[in-house]
Amino acid sequence: MFDIDREHPEYAARKATWRNYRDLYAGGDQFKANATEYLVRRHREPLDVYYERLHRVFYENYIGSIVDWYGATLFRREPIVTLQGENETGRSFFNRFVEDCDLKGSCLSDFFRRILIESLVSGTAYILVDFPRSNGPAANRAQEEADGQARAYLVECGAQDVINWQHDEMGNFEWIVLRTESLCQSESGRGWTKETKWIQYDKEEFRTYKRIEGQKSGEPQLVSQGRHGLARQRRVPVFPFRLS
């Protein structure tokens, strides 16, 4: 049986390093909250003295300024997308896509600026190409457009989100597993619980699993599955963005 929460050896070896990189990039309260990772207690140092040093810790965040400068400089001039051809439907799609490529209002240049910064911090970022979920195939192109099923969009994924993968003989992904965590309000409405979601993509299908902290069954539960948007191309719809 496939263990959806299994971590690739490369991921397991690098995840602690990625946390450190993010702390050093973010600085501020995030760095201070994890100060014990960087400020080591001295030999025979009294605890109260060590805690006082942790409380007073200060980090001059040059790394964040340098990374943000590179991101701003590279995208100082917004890329120009030129469309050719007489297909008005295609032109309309790409015009909307360039202005809002992630269905959250991000233009294409803003999206790739964030991808670049993620790559500068972690070494790798991932881009998921997805389509809105539907209850079934559209009867025709007009219905597909009306329901928004043809509205492709991008999702940015950090290096810490991609926990397991396998490559085919050509070096492309055979399958990949994404894992994300979020807080959701409990059913009683009196508190918050942690929800973990896994999505496995192969070359034709996706499978989504969820686990909510505190539920009787501690195992991830399959909640949805189906064909993804690049099934006809037989491509896993997740693409790495790496800086050499």
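Preceding this section is the structure that the text describes.
Residues numbered from 1 in each chain as written. Predicted model: local features only at pLDDT ≥ 70, side-chain atom pairs only at ≥ 80, totals over all residues. Heavy atoms only, no water.

## What about the pattern of salt bridges?
Applying the stated criterion to the full structure yields 17 salt bridges. Notably, a salt bridge pairs E7 with K15, separated by 2.9 Å at the nearest N-O pair. Looking at E7, the relative accessible area reads 23%, which means it is partly exposed. Taking the relative accessible area as the measure of exposure, K15 reaches 28% and is therefore partly exposed. Residues joined in a network through salt bridges with shared partners are D5, E7, K15 and R179. (Salt bridge = Lys/Arg side-chain N within 4 Å of Asp/Glu carboxyl O. Buried < 20%, exposed > 50% of the residue type's maximum accessible area, 1.4 Å probe, protein only.)

## Comments concerning the nonpolar core
Formed by 22 residues in total, the largest nonpolar core has its most connected members in I176, Y201 and V238. Those residues in contact with V238, other than ones at most four positions away along the chain, are Y126, I127, L128, F173, I176 and Y201. Residues F97, F111, I115 and L154 belong to the second largest nonpolar core, which totals eight residues. (Core = buried A, V, L, I, M, F, W, Y, C linked by side-chain atoms within 4.5 Å. Contact = heavy atoms within 4.5 Å.)

## Side note on the sheet that holds strand 1 (residues 124–130)
Taking strand neighbours across the sheet as the criterion, the three strands line up as 2-1-8 in an open arrangement whose pairing is antiparallel. The sheet is open, and its two edges are formed by strand 2 (153–158) and strand 8 (238–242), each paired on a single side. Averaged over all pairs of adjacent strands, the angle between strand axes in this sheet comes to 30°, irrespective of strand direction. Where strand 1 meets strand 2, six bridges bridge the pair, whose relative direction is antiparallel. Among the inter-strand pairings, D130 is bridged to a residue of strand 2, identified as Y153. (Pairing = 2+ DSSP bridges. Helix = DSSP H or I, 4+ residues; strand = E, 2+ residues; numbered from the N terminus. Axes fitted to C-alpha atoms, helices over the stretch in contact; angles between N-to-C directions.)

## Re the side chain of D130
If you trace the backbone, D130 turns up in strand 1. Once residues within four sequence positions are removed from consideration, D130 is found in contact with R151, A152, Y153 and Y201.

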